[in-house]
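# Structural overview for review
Each chain, written out:
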Amino acid sequence: MMVWSSTLLVLLGFSGSLWAQQLPTVLVNLDLSPEQRWEHLQHAFDTDLMKKAAQILISSQVPNWFHKATSPIVMFLEKHIPQLYSREIRGIASTMKMKLADVVILNFAYEFTAYCTSIVAQDKNGNIYHGRNFDFPHSVLRNLTMNVVFFKNGEPAYFGTSLAGYVGLWTGMSPYKFTVSGNQRETQVWSNWWKNVVSAVFVHRFPVSWLIRVTLEEAKDFEDAVTRLSTTPLITGVYYIVGGVRAGEGVVITRDRKGPADIRPLDPLNGGWYRVQTNVDHWLPPPKKLNRRDVVMKKLDAVGQKRICKDKLYQNYNLHNTHERSNPQGVHYNSQREGLPEEDQVK
């Protein structure tokens, strides 16, 4: 039986960062060589814990034949995987004393664990709020969750929340520009995820979380981020939820491999002051056994646009639990003001 646990990250439009449960923070210096960037992992996580977690995830997610067949991919890693990330993966394997093949597989296995609910909303004053919870398919992953600060030229360039050993991001923010979260799209055949890995390797399409990280690093603003996330070819479909720092800057992008299947922006003038995205296309009926969408929407309607704020958004996740075994952990939010986001503790 699959055991679920959850972390909550809320990306909000104006100030600071809150965590109900303190997570380790890993600093990644983008000015270093890719092999050196993740050296701080060894100070935040126990090597044996990472190895154990990797084996649990790999054994449950990866067909045995595929695990054994990774040697050609590993041998020609720089050829088949974007060089920047292949070198980071090599560095992680060296730092954490893990087999290179296991770290490669772990990164692709992490690609298909994003069961979650994302919300982007706008209040009456035009402030943008972006929230998400994260339901993990294995409880061991809770112990591998971390905050990541990516530095460039001595300054924080972008922030994310991720899993140890993973070079991609499912959630992040570019300060004073935009926030982004990714949700797994259940209309895709995720049980055959290894076919998507083959597509990534030989067709050179982006894994969905790697595109989030590239967008955080390179996009100039909300509009640029939406364009990149909408049009870049991917290994499989996904939902990208993006929030900006100005009124109206909020959108849910439903992705196919080649491009957008649907783009649903905020429309506050016509009642669309929020958008909720789970793991099912919004035009399809939600699953009867786990109808997270309607539960969240009823809560948001009860709060209303006049009262929505960071605390109400956090409570929306924390009180009803979008998954029956969810356990929200914390809140993170962006800033439009001068200066860097502040950190605080949720009471």
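Since the model is a prediction, treat every value here as computed from it, not as a measurement.

With that out of the way, let us pick up the confidence of the model for the protein. Parts of the model with low pLDDT should not have their predicted coordinates read in detail. Predicted confidence across the protein gives a mean pLDDT of 79, with 74% of residues reaching 70 or more. Mean pLDDT per element in the protein: strand 15 (residues 343–345) is the minimum at 32, and helix 10 (residues 222–231) is the maximum at 98. Low pLDDT, under 50, characterises residues 1–9; the stretch is placed with 49 contacts to residues that sit more than four places away or in other chains. The model gives residues 12–20 a pLDDT under 50, and that stretch makes 59 contacts with residues more than four places away or in other chains.

A few words now on the sheet that holds strand 10 (residues 238–243). Sheet strands pair by backbone hydrogen bonding; their relative direction is either parallel or antiparallel. The 8 strands lie next to each other as 3-6-7-8-9-10-11-12, forming an open sheet whose pairing is mixed. In the strand order of this sheet, the two ends are held by strand 3 (25–29) and strand 12 (260–265), each with one partner. Averaged over all pairs of adjacent strands, the angle between strand axes in this sheet comes to 20 degrees, irrespective of strand direction. Against the sheet, helix 10 touches strand 9 (178–184), strand 10, strand 11 (250–255) and strand 12, its axis set at about 10 degrees to strand 11.

Within strand 10, 6 of the 6 residues are buried, which leaves the element mostly enclosed by the surrounding structure. Residues Val-238, Tyr-240 and Val-242 point to one face of strand 10 and Tyr-239, Ile-241 and Gly-243 to the other, with burial holding for every one of them. Bridge count for strand 9 against strand 10 is 6 bridges, and the pairing is antiparallel. In the sheet register, Val-180 faces strand 10, and the bridge partner there is Val-242. Summarising the sheet, strand 10 and strand 11 pair through 6 bridges and their orientation is antiparallel. Bridge pairing in strand 11 links Val-238 to Arg-255. Counting the residues between successive antiparallel strands, the hairpin from strand 10 to strand 11 contains 6 residues, one of them, Gly-248, with a positive phi of roughly 90 degrees.

Conventions used here
- Residues numbered from 1 in each chain as written.
- Predicted model: local features only at pLDDT ≥ 70, side-chain atom pairs only at ≥ 80, totals over all residues.
- Heavy atoms only, no water.
- pLDDT = per-residue confidence, 0-100.
- Helix = DSSP H or I, 4+ residues; strand = E, 2+ residues; numbered from the N terminus.
- Contact = heavy atoms within 4.5 Å.
- Pairing = 2+ DSSP bridges.
- Axes fitted to C-alpha atoms, helices over the stretch in contact; angles between N-to-C directions.
- Buried < 20%, exposed > 50% of the residue type's maximum accessible area, 1.4 Å probe, protein only.

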